[in-house]
Amino acid sequence: MKRKIINLVLAAVLLSTAACNPSAESRQSADNDTVGALLDSVSFTETIAGKETPLYTLKNSSGATAYLTNFGARLVGLWVPDKNGTLTDVVLGFDRASLYHNEDEPYFGPVVGPFGNRIAKGQFTLDGEQFTLPTNNGPNTLHGGTKGVHFVHWDVKSANDKVITFAYTLPDGQDGFPGPIHMEVTYSLSDNNELTLAYQATSDRKTVINLTSHAYFNLNGEGSGSILDHQLRLYADQYTPVDETLIPFGELADVKGTPFDFTSTKTIGADIDQESEQLTYGSGYDHNFVLNGTQVNGLNHAATVSGDQSGIVMDIYTEEPGIQFYSGNFMADRVTLKSGAKDSYRTGFCLEPQHFPDSPNQPNFPTTTLNPGDTYATKSVYKFTTK
Ligand code: GLA
């Protein structure tokens with residue numbers, strides 16, 4: 001009740017600023033019951049490295065709303081209805097743009113690339129030429145290096161209240177990658193609560209590419225506590241075991257009989273404390289699962305996950321061969337989220353559809369090479385329902 005009153009007051013304040021704020025009309029109205037932090041584009045918008053960093057809004061007929069920004073082509077928040085129809089913010093993020101420009105920022109919601117996930121020892125070879133990248137994760141390169149595509153401003157190529165396309169050209173040699181690489185990501189929100197991310201890339205030089213969204217989810221609502229009681233099913237019979245620096249050995253291992261078996265629904269926490277070298281290396285789950293090809297509408301069904309309190313169910317469908325499941329093991333009360341809560345241990349999880357980690361150095365993994373003249377195109381769909 002108290003929260004409802006606070007939300008109503010907040011909504012009234014936001015409505016009163018609507019006249020001077022172009023995206024305010026597509027925000028929650030005072031009639032909607034809401035769980036989470038309402039975003040205000042006036043206080044969100046700030047300048048990062050000399051460039052304006054506004055808030056963009058997609059909204060569908062049921063009131064579901066996605067908030068995005070150009071810095072890292074980030075998903076800042078995502079409101080979807082829970083089992084009672086209450087709109088709930090299921091994506092972790094900040095209420096001010098500048099908070100994303102921070103080394104303690106644990107990749108909340110950006111597109112990561114040009115190579116999401118790890119490249120061993122910051123090195124790979126293409127046609128005999130060796131490329132060296134900055135290492136930013138122990139001995140390895142994580143999520144494209146220092147700048148990647150998460151710490152840069154993307155251009156807004158086109159936008160309306162259902163679809164937005166961000167574009168960015170990674171200069172040749174940025175973070176050591178051959179390029180330039182021209183990238184686009186289009187977010188669209190359908191009336192049946194599907195958020196689709198469609199990625200495209202072309203390059204002037206032979207290079208590597210592995211783009212994904214690094215959104216953190218809590219389907220009970222951002223800041224509502226642990227994600228360990230969420231129910232998870234992964235459509236994966238195998239995963240790629242890793243060394244202690246989280247680089248795969250190159251082999252695919254069966255999940256059967258291990259804590260990595262999510263082939264039937266179980267809670268994220270069910271086996272997370274089991275004695276397992278792999279769980280020790282990951283400090284929990286931080287592994288790539290090999291999708292088994294279960295098809296829905298021509299896409300790989302990757303995951304079904306639900307919030308134990310909200311009844312919100314998220315299904316992920318993708319053209320990618322794998323999904324990285326990260327159980328928020330490094331979250332450590334370093335930053336304050338939109339809801340006012342801290343990013344406490346395991347209060348968010350990531351499910352990142354992608355190619356396998358370290359693919360440029362792993363001849364047996366599906367290729368991540370992008371040749372000049374070819375177009376990389378891939379999409380992933382996050383569908384929200386309730387139970
Ligand atoms: C990825 C990695 C994790 C961790 C997070 C960000 O998902 O696999 O190890 O680095 O990003 O904290």
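The numbers attached to residues start from 1 for each chain and follow its sequence in the written order. Local features in this predicted model are restricted to residues of pLDDT 70 or higher, and side-chain atom pairs are both shown and tallied only at a pLDDT of 80 or more, whereas totals for entire chains, interfaces and linings draw on every residue. Only hydrogens and water are removed before side-chain values are computed, so all heavy atoms of the structure are retained for them.

### Description of the overall build of the chain
- Counting from the N terminus, the helices are the DSSP runs of H or I reaching at least four residues and the strands are the DSSP runs of E reaching at least two. Looking only at helices and strands, the chain has three helices and 30 strands in total.
- Relative to the globule expectation of 21 Å for 387 residues, the C-alpha radius of gyration of the chain, 20 Å, shows essentially globular dimensions.
- Overall size of the chain, expressed as C-alpha extent along the three principal axes, is 60 × 45 × 40 Å.
- Only protein chains enter the calculation, and the probe is 1.4 Å; a residue is then buried if its accessible area is under 20% of its type maximum, exposed if over 50%, and partly exposed in between. Classification of the 387 residues of the chain by burial places 58% in the buried group.
- Note on contacts: a residue pair is in contact if any heavy atoms of the two residues lie within 4.5 Å. Taking contacts inside the chain between residues at least 6 apart in sequence as the whole, the part at least 24 apart equals 66%.
- Note on areas: these come from Shrake-Rupley sampling with a 1.4 Å probe, and a residue is covered only by the protein chains present in the view. Accessible surface for the chain amounts to roughly 14,700 Å². Of this, 48% is attributable to carbon and sulfur atoms.
- Charge counting follows a simple rule: Lys and Arg are positive, Asp and Glu are negative, and His as well as the terminal groups are ignored. Positions of charges follow a simple convention, taking NZ of Lys, CZ of Arg, CG of Asp or CD of Glu. Side chains of the chain carry 26 positive and 44 negative charges; the gap between the two charge centres is 5 Å. Only C-alpha atoms enter the radius of gyration, while the globule expectation follows 2.2 Å times N to the 0.38, with N the number of residues.

### A closer look at the site of the ligand
- For this purpose, a residue is taken to be near a molecule or strand whenever a single non-hydrogen atom of the residue falls within 4 Å of it. As a structural note, the neighbourhood of the ligand is formed by Tyr107, Arg118, Leu142, His143, His214, Tyr216, Asp286, Gln324, Tyr326, Phe330 and Glu352.
- In the environment of the ligand, an oxygen atom lies 3.1 Å from a nitrogen or oxygen atom belonging to the side chain of His143.
- Whenever two N or O atoms come within 3.5 Å, that pair is a polar contact, provided that in protein one can donate a hydrogen and the other can accept it, and provided that, for residues adjacent in sequence, both atoms are side-chain atoms. Between Asp286 and the ligand, the recorded distance is 2.3 Å, taken from a side-chain N or O atom to an oxygen atom.
- Within the complex, the protein chains bury 94% of what would otherwise be the 300 Å² of accessible surface of the ligand.
- In the shell around the ligand, the residues fall into five nonpolar, three polar and three charged. Following the grouping adopted for this structure description, the nonpolar residues are Ala, Val, Leu, Ile, Met, Phe, Trp, Tyr, Cys and Pro, the charged ones are Asp, Glu, Lys and Arg, and the polar ones are all others, Gly among them.

### Brief notes about the sheet that holds strand β23 (residues 286-291)
- Only strands joined by at least two bridges in the DSSP assignment are considered to pair. A sheet is described by the order of its strands in space; here five strands give the open sequence β21-β20-β23-β27-β28, paired in antiparallel fashion. The sheet is open, and its two borders are formed by β21 (253-254) and β28 (350-354), each paired with just one other strand.
- Judged from the five bridges that link them, β23 and strand β27 (residues 322-326) form a sheet pairing that is antiparallel. Residue pairing in the sheet places Asp286 in a bridge with Tyr326 of β27.

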